[in-house]
Amino acid sequence: MIIVLKPEATHDDAQAMLRVIEAQGLQPLYLPGVERIVLGALGDERVLRTLRLDGHPLVESVKPILTPYKRVSREMQRHDTQIDISSVTVGGRGFVVMAGPCAVENHGQVNATAAAVRESGARVLRGGAFKPRTSPYAFQGHGEDALKLLADAGRAHDMPIVTEVVDPADVELVAEHADALQVGARNMQNYRLLQAVGRASRPVLLKRGMSATIEELLLAAEYIMDAGNPNVILCERGIRTFETATRNTLDLNAVAVLKLRSHLPVVVDPSHGTGVRELVAPMAKAAIGAGADGLIIEVHCDPASALSDGAQSLDPDGFARLMREIAPFVEAAGRTFAA
Ligand code: PEP
Ligand code: MN
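Along each chain, numbering runs from 1 in the same order as the chain's sequence is written. Here chains are named by letter from A upward and ligands by number from 1 upward, in the order in which they appear as written. The predicted origin of the model limits local features to residues at a pLDDT of at least 70 and limits the giving and counting of side-chain atom pairs to 80 or more, whereas totals for whole chains, interfaces and linings rest on all residues. The side-chain quantities take in all heavy atoms of the structure and omit both hydrogens and water.

Draft legend 1. Layout of the overall build of the protein chain. Segments assigned H or I by DSSP are reported as helices when at least four residues long, segments assigned E as strands when at least two residues long, and all are numbered from the N terminus. Broken down by element type, the protein chain carries 11 helices and 15 strands. Restricting the calculation to C-alpha atoms gives the radius of gyration, and the globule rule supplies 2.2 Å times the number of residues raised to the power 0.38. A globule of 339 residues ought to have a C-alpha radius of gyration of about 20 Å, and the protein chain, at 21 Å, matches this closely. Seen through its principal axes, the protein chain has C-alpha atoms that stretch 70 × 45 × 40 Å. Here the protein chain holds 339 residues, and 55% of them are scored as buried. Remark: exposure states derive from per-residue accessible area (1.4 Å probe, protein chains only) relative to the maximum for the residue type, with buried under 20%, exposed over 50%, and partly exposed in between.

Right, dumping it as structure tokens:
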């Protein structure tokens, strides 16, 4: 339920009403706006109706939130949420490019890649330490050692880092090293993991499951927010369709739909979205046109030797070219590259 207060309602009035909401066993939300204070009440709608808030002299309107997700909904918050990954803000005017290798392989590889992507304008370094691989025989990532290498490379090249966590038991360890936690496509509906990252004090990059609907993605984000973490960045990374020409089908409808339905920032991963190096730049441009707040791109200093996802990884020159090519699209979208 969204409760819009009259302009004359004060902060103290709002707090008093929040206490009434809480006393009914509902979750109270305080959502101060520019002109009016808005309150939220989450829980059993029948209890809410007994409160008869619409008759309150300081209440302008009470309306139900019709979507199954609440906290992530645009109905709950009209303005865009901005999320700081350390010093880099996602969801504001600044367009954020995150880049780096699929997996952290060794000191030389992650540092050469980090130096190159930073030089070309990436602001966040990505790299997998714990890799969720389809085959148990594929490279699984170097775990904690890789986390340290990635964190060192981030510091050395002045970029915050984002890396995937695959196990609720690892959240604390990963959060110690990483500036943002990635929940991968294969784990989008791992509810224990969503709750665990929801209790962490790091922003979360939540990737859409390859067979997940937009509503399921938003409900996954709701799990994280409901567990206490408001800093969720949504990521479209391609879905599985009947098409076989590309690894996945990058669903750019989702970007526009997510921006309409949610206040959370949206980034697009055209690397996993296509699986084909040559398609990364065109789909990056399309993503900007669709309203994305940023991109996450796989880059490897030597893609031919990559231990994972080499076919979709750009080399440093390819990434530099991509950054030059997307610049006019970023400008046309009314954005500037994040400082
Ligand atoms: C990745 O970012 O390397 C990754 C495994 O992505 P996804 O979860 O989207 O497959
Ligand atoms: Mn990958």
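Draft legend 2. Spotlight on the packing of aromatic side chains. Stacked, edge-to-face and tilted are the three classes for Phe, Tyr and Trp ring pairs, Trp counted by its six-membered ring, which pair at centre distances within 6.5 Å; planes under 30 degrees apart are stacked, over 60 edge-to-face, the rest tilted. According to the stated counting rule, one finds two aromatic pairs in the structure shown. Judged by centre distance (6.5 Å) and plane angle (70 degrees), the rings of Phe-95 and Phe-337 are edge-to-face. Pair noted here: Phe-95 is in strand S7 (residues 94–100) and Phe-337 is in strand S15 (residues 336–337), with a separation of 242 residues, a long-range link. The class for Phe-95 is buried, based on a relative accessible area of 1%. Owing to a relative accessible area of 30%, Phe-337 belongs among the partly exposed residues under this scheme.

Draft legend 3. Molecular detail of the sheet that holds strand S3 (residues 37–42). Strands are labelled as partners when DSSP assigns at least two bridges between them. Spatially, S2-S3-S1-S4 is the arrangement adopted by the four strands of the open sheet, whose pairing is antiparallel. Each having just a single partner strand, strand S2 (27–32) and strand S4 (59–63) make up the two edges of the open sheet. Averaged over all neighbouring strand pairs, the angle between strand axes comes to 20 degrees, with direction disregarded. In the packing of helix H1 (residues 11–23) onto the sheet, contacts are made with strand S1 (2–5), S2, S3 and S4, and the angle to S2 comes to roughly 160 degrees. Each axis is a line fitted through C-alpha atoms, taken for helices only over the stretch in contact, and angles between the N-to-C directions span 0 to 180 degrees. Residue contacts follow a heavy-atom distance rule, with two residues in contact if any of their heavy atoms lie within 4.5 Å.

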